[in-house]
Amino acid sequence: MNTTNVPFLDLVAQQDEIADEVLPVWQRQFASAGFVGGPEVDAFEREYAEYIGVGHVIGVSNGTDALELAYRAAGVGPGDEVIMPANTFIATAEAASRIGAVPVFIDVDDEYLLMDPDAVEAAITLRTRAIVPVHLFGQTAPVEQIAPIAEKNDLVLIEDAAQSQGASSAAGRAGSLGRFAATSFYPGKNLGAAGDAGAVMTDDSGAAALIRNLAAHGSSVKYVHDNIGMNARLDAVQATVLRAKLRRLDTWNAARRAAAARYGELLADVDGVRTPSVRPGNKDVWHLYVVRVAERDRVMAELSAAGIGVGIHYPTIVPLTEAYASLGYRPGQFPVAEAAAGCILSLPMFPHLTQEQQIEVATCLTRLTRVRRK
Ligand SMILES: *Cc1c(COP(=O)(O)O)cnc(C)c1O
């Protein structure tokens, strides 16, 4: 098969758009050696808080640290259980394990592959402390159904909003729906830095102060240490990029939505390709465009060979990874998430993806799903 290359993700076009804004600020920062914290970090935190509609944004080092800080601020500690979906990026669980808490995994629903609200209640024990819906692939998890369960059982709702910058549901914007939310600005996210970065969101002023303290070695006044914290600060170089990209986020997310609609049309009648659906009331920001196909590994290999960038998010659900073998989960416990892991395929998706590139992808995928080799 002869095709032109379609990358899975092209960040260079984003960098080109913001270069004129970012480079002069970077030059000033370099000259003045103002690298950690400072006015760009403060301004970004204010602007992002306004964008999300939360009282406080604490800019931090990355999404995993953001989750750990949110868990700690929520009072999650050693031996506490944190309920989360089986298909997420491992960081959702890792951040809990790092503080001695225990991730408790539940299945997802087959339609949207998001945390199944019906599975939450059965997972609650006397040790449960928090519930973590993950707004996976760019759309908001059913928080309106999960929040009442959290409330009834006196559990803290913490959103993993790493894949959902700008997404919303009928209940409001992702990142503003729980007591805490954590997000990642890893370069490939919808709002990405030029390296690692993240943020914690909350309306609780006291908790915001604690998170800020914990993220700076447990210190609010230099060399006065109130807590055993961590080094998880956001630096000025990243905040500068994030400010410039935040101004374009809605435009870029709209471009992703248009691209998703186009994929939907191009692939609507293709046998063997199941296109993703959007939960009613959700505004999806399409961090990833995930189809389900039969013979996924063959289709994926042939797409790659044809120069089309594809991925799997994620090939092994977190409870069945080697890292979590000690928790003793077994295949068969998460029927929906496990079945999905065997057939999901993420197609190229980024704001600057062109119609021609999408036609290329769809044509190739259509041809490949027609050729069944047994
Ligand atoms: C990216 C991501 C994280 C972790 O963010 P890092 O900045 O890479 O530490 C956490 N959860 C989800 C769902 C993610 O996609």
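Residues numbered from 1 in each chain as written. Predicted model: local features only at pLDDT ≥ 70, side-chain atom pairs only at ≥ 80, totals over all residues. Heavy atoms only, no water.

As a reminder of what qualifies: UniProt positions are given in the numbering used here, feature names are shortened, and annotations may be inferred rather than shown by experiment.
As annotated in an unreviewed UniProt entry, the protein carries the name DegT/DnrJ/EryC1/StrS family aminotransferase and is attributed to Microbacterium protaetiae. Under the heading Sequence similarities (unreviewed entry), UniProt records this for the protein: "Belongs to the DegT/DnrJ/EryC1 family."

**Some words on the packing of aromatic side chains**
Let me state the cut-off plainly: Any two of the Phe, Tyr and Trp rings considered here, Trp counted by its six-membered ring, make a pair once their centres fall within 6.5 Å; the pair's planes then place it as stacked at under 30 degrees, edge-to-face at over 60, or tilted in between. Runs of E in the DSSP output that reach at least two residues are strands. Runs of H or I that reach at least four are helices, and both are numbered from the N terminus. For the exposure calls, accessible area comes from a 1.4 Å probe over protein chains only, and a residue counts as buried if that area is under 20% of its type's maximum, exposed if over 50%, partly exposed in between. We call a charge positioned over a ring when the NZ of a Lys or the CZ of an Arg lies within 6 Å of the ring centre and within 35 degrees of the ring normal.
What the rule picks out here adds up to ten aromatic pairs. Geometrically, the ring pair formed by Y48 and F185 is edge-to-face, given 5.5 Å between the ring centres and 85° between the ring planes. With Y48 in helix α2 (residues 39-52) and F185 in the loop between β8 (180-184) and β9 (198-202), this residue pair connects regions lying 137 residues apart in the sequence. A relative accessible area of 1% means that Y48 is categorised as buried. A relative accessible area of 0% means that F185 is categorised as buried. The rings of F44, Y48, Y51 and F185 are connected pair by pair, giving a single aromatic cluster. Above the face of the Y51 ring, R173 is positioned so that its terminal group lies 4.1 Å from the ring centre. It is K189 that lies over the ring of F89; its NZ or CZ is 6.0 Å from the centre.

**Things to note about the nonpolar core**
Put simply, the rule is: Residue types Ala, Val, Leu, Ile, Met, Phe, Trp, Tyr and Cys, when buried and joined through side-chain atoms within 4.5 Å, form a set referred to as a nonpolar core. Throughout, the edges of the domains are those of an automatic or database domain assignment. Residues are treated as being in contact if the distance between any of their heavy atoms lies within 4.5 Å.
Counting residues in hydrophobic clusters, the biggest one holds 93 residues, and the most contacted among them are Y71, L267, L345 and L347. In terms of residue count, the dominant contributor to this core is helix α3 (residues 63-73) (six residues). Counting contributing residues per domain, this core is built from domain 1 (12-246) and domain 2 (250-369), each supplying no fewer than three. Contacts of L345, omitting those with residues within four sequence positions, involve Y289, V290, V291, V293, R296, V299, M300, L303, V310, G311 and L365. Judged by nonpolar contacts, the second largest core, of 20 residues, contains F44, Y51, F185 and A193.

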